[in-house]
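Coordinate analysis (summary)
Single-letter residue listing:
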Amino acid sequence: MGGFSNFAISFSIISILTGVTLFGYGLEMGGPLEMSLGWPLATLFTLTVAASMAELCSAYPTAGATYHWAADLGGRGWGWLVAWLNILGLITELAGINYSCAQFILPFLNVSLTPGHLFGMFAFILLTQGILNQYGIRLVAILNDLSVTVHIAGVALVVLALFFLAPKQPVSFLFQAVNSNGRSFYWWAFVLGLLQAQWTYTGFDASAHMAEETHDPRRRGPWGIVLSVAVSGVVGYFLVLALTLAIKSIPGVLAAKDAQGNQISAAIAILQQALGARAGNAMAALISMAMWFCGLACITSASRSLYSLARDHGTPFSAQVRWVSPRHGTPAPSIWLVVAASMTAMLWTGAIPVVTSLSTVALYLAYGIPIALAWRARRAGSDWPSHAVWSLGRFGAPLNMTAMLYCGFICVVLIMPPNVLAGETLAGLLIGLGVLYAAVVRRTFKGPEWSRHGSTP
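Keep in mind that this is a model prediction, so the values were computed, not measured.

**What to know about the environment of G368**
- Along the polypeptide, G368 turns up in helix α17 (residues 352-379).
- Ignoring any residue separated from it by four or fewer positions in sequence, one finds G368 in contact with M404 and C407.

**Considerations on the nonpolar core**
- V49, L162 and F204 are the most contacted members of the largest nonpolar core, which has 143 residues in total.
- It is helix α5 (residues 76-108) that provides the largest number of residues to this core, a total of 17 residues.
- Grouped together as the second largest cluster of nonpolar side chains are five residues, I9, I13, M210 and A297 included.

**Quick look at the confidence of the model for the protein chain**
- Counting all residues, the mean pLDDT for the protein chain is 88, and 98% of those residues have values of 70 or more.
- Looking across the protein chain, the model is least confident in helix α20 (residues 449-452), with a mean pLDDT of 57, and most confident in helix α3 (residues 23-59), with 94.

**Quick notes on the environment of A284**
- Turning to its location among the elements, A284 is positioned in helix α14 (residues 277-311).
- In sequence terms A284 and G233 are 51 residues apart; their C-alpha atoms lie 21 Å from each other.
- Every residue in contact with A284, bar those within four places of it in the chain, is listed here: F104, I268 and L271.

**Quick word on the state of the cysteines**
- Inspection of the entire model under this criterion finds zero disulfides.
- C294 supplies the cysteine sulfur nearest to C298, a cysteine that is in no disulfide, at a spacing of 6.4 Å.
- Between C411, a cysteine without a disulfide, and C407, which holds the nearest cysteine sulfur, the sulfur-to-sulfur distance is 6.4 Å.

**Some thoughts on the pattern of salt bridges**
- One pass over the structure, following the stated rule, counts four salt bridges.
- A salt bridge links E55 to R378; the nearest nitrogen and oxygen atoms lie 2.6 Å apart. Here the residue E55 occupies a position in helix α3, and R378 occupies one in helix α17, the gap between them amounting to 323 residues. Just as E55 is buried, R378 falls in that class too.
- Residues D216 and R219 are paired through a salt bridge, measuring 3.6 Å at the closest nitrogen-oxygen approach.

**Comments concerning the packing of aromatic side chains**
- The full count for this structure, using the stated rule, is 16 aromatic pairs.
- Plain terms: the ring middles of F45 and Y406 are 5.0 Å apart, the flat faces sit at 15° to each other, and that makes the pair stacked. With F45 in helix α3 and Y406 in helix α18 (residues 396-413), the pair connects residues that are 361 residues apart, well separated along the chain.
- Ring centres 5.1 Å apart and planes at 45° place the aromatic pair F204 and Y367 in the tilted group. Highlighted residues: F204 in the loop between α9 (195-200) and α10 (206-209) and Y367 in helix α17, separated in sequence by 163 residues.
- Ring pairing ties together the aromatic residues F4, F7 and F11, which thus form one cluster.

**As for a positive patch on the surface**
- Together, R76, R442, R443 and K446 make up a region of like positive charge exposed at the surface.
- Within the secondary structure, R442 is located in helix α19 (residues 420-444).

**Points about the side chain of Q134**
- Locating Q134 in the fold gives a position in helix α6 (residues 115-135).
- A polar contact is formed between the side chain of Q134 and the side chain of Y135, at a distance of 3.4 Å.
- For Q134, the contacting residues outside a window of four places in its chain are H328, T330, A332, I335 and W336.

Conventions adopted
- Residues numbered from 1 in each chain as written.
- Predicted model: local features only at pLDDT ≥ 70, side-chain atom pairs only at ≥ 80, totals over all residues.
- Heavy atoms only, no water.
- Helix = DSSP H or I, 4+ residues; strand = E, 2+ residues; numbered from the N terminus.
- Contact = heavy atoms within 4.5 Å.
- Core = buried A, V, L, I, M, F, W, Y, C linked by side-chain atoms within 4.5 Å.
- Buried < 20%, exposed > 50% of the residue type's maximum accessible area, 1.4 Å probe, protein only.
- pLDDT = per-residue confidence, 0-100.
- Disulfide = S-S within 2.5 Å.
- Salt bridge = Lys/Arg side-chain N within 4 Å of Asp/Glu carboxyl O.
- Phe/Tyr/Trp six-rings, centres within 6.5 Å; stacked < 30°, edge-to-face > 60°.
- Patch = residues over 30% accessible without salt bridge, like charges linked within 9 Å, V, L, I, M, F, W, Y side chains within 5 Å.
- Areas by Shrake-Rupley, 256 points an atom, 1.4 Å probe, with all protein chains shown as cover.
- Lys, Arg positive; Asp, Glu negative; His and termini not counted.
- Charge placed at Lys NZ, Arg CZ, Asp CG, Glu CD.
- Polar contact = N/O pair within 3.5 Å; in protein donor to acceptor, adjacent residues only side chain to side chain.

Encoded structure:
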């Protein structure tokens, strides 16, 4: 991969058009102010996380990414935990992406949004992405590059259509602090609503996972991480503002249903009410295309994470999981395990806010732990920053600290009601991983091979 392709895979997984799935959740919690203030706040603090991870990527340009960073800076136990948190986060993120894609594509096909239809389309989408990842990796790289065009063009079309063709609220509407959920205090509902923006800002570690397949990874991988967040922040802000100003009635958008009485996404309701049913559904179809690209890239990233851990004997049946097709050059077992696990995750949680909250918390734990270990090592005089070509210099320690605090804040907030199931599920998974590590893995897992030999990749 070149630098653009490396950037493209993270930009595709962030997928600002996929983020509109939770527009209704954010609108219900914090109203228009959630969009005008919540998005830039999330962008600013996520950039501190991305910058901290970019420096680590430059020092450790490996497919293991967060797993390898934690293993070298904190030991094999921390590395193993981070690897599984990253894998679990990507799997549940994939479930949320593709279920959202199903929600947006069915109205365009004039199919009712029943649970059966939604899950059937969700499974079909997963299947197509899995097949392409196994048999068409060169095509996947081309599609990831194309995904950037689809996202930018898609956002431009939606924003221009809403700004020029739809009735609009006055600018003062953007600053209305409306809590339709009934939670008190308002600021708490606003904080809960940050899930809408924060779930969008996940998966940008994909640029680091593709480091071994990227030319000059010590420079291009870090830029892929940071630019994917920065570009998404700017372009995404235009999108959420356009959708917010096109709202005719907040209660009408939140309560919108299709002809059969099934609840529809708030973003689809806004598009249909502002542009008409036909044009609105066409825009929803365009958004669903971007979501499909997002899911395609997410499988690529998740399967590389699983493969990397299996390569170091960190998974059950690692010999089978790490097998790579000699003909296609892809980790086929890892790809299909990710697909199957994603389907299971959606069946277990049964709700988009829960599965997205679970993925966000798991991923930000996987981001925050190696950043904390890097900060500790930096303070102790470690020479790891000297290996980073892309360096934060004297700003490294304060940016690491800000990123750590924000990751902790997000992880606590997003398991609060109404997303308690996400916290309970994550706690159960962590207990299970702890038992597995103590009983088996502690004796058999030796960490990354390069780390065992005392070398830096």
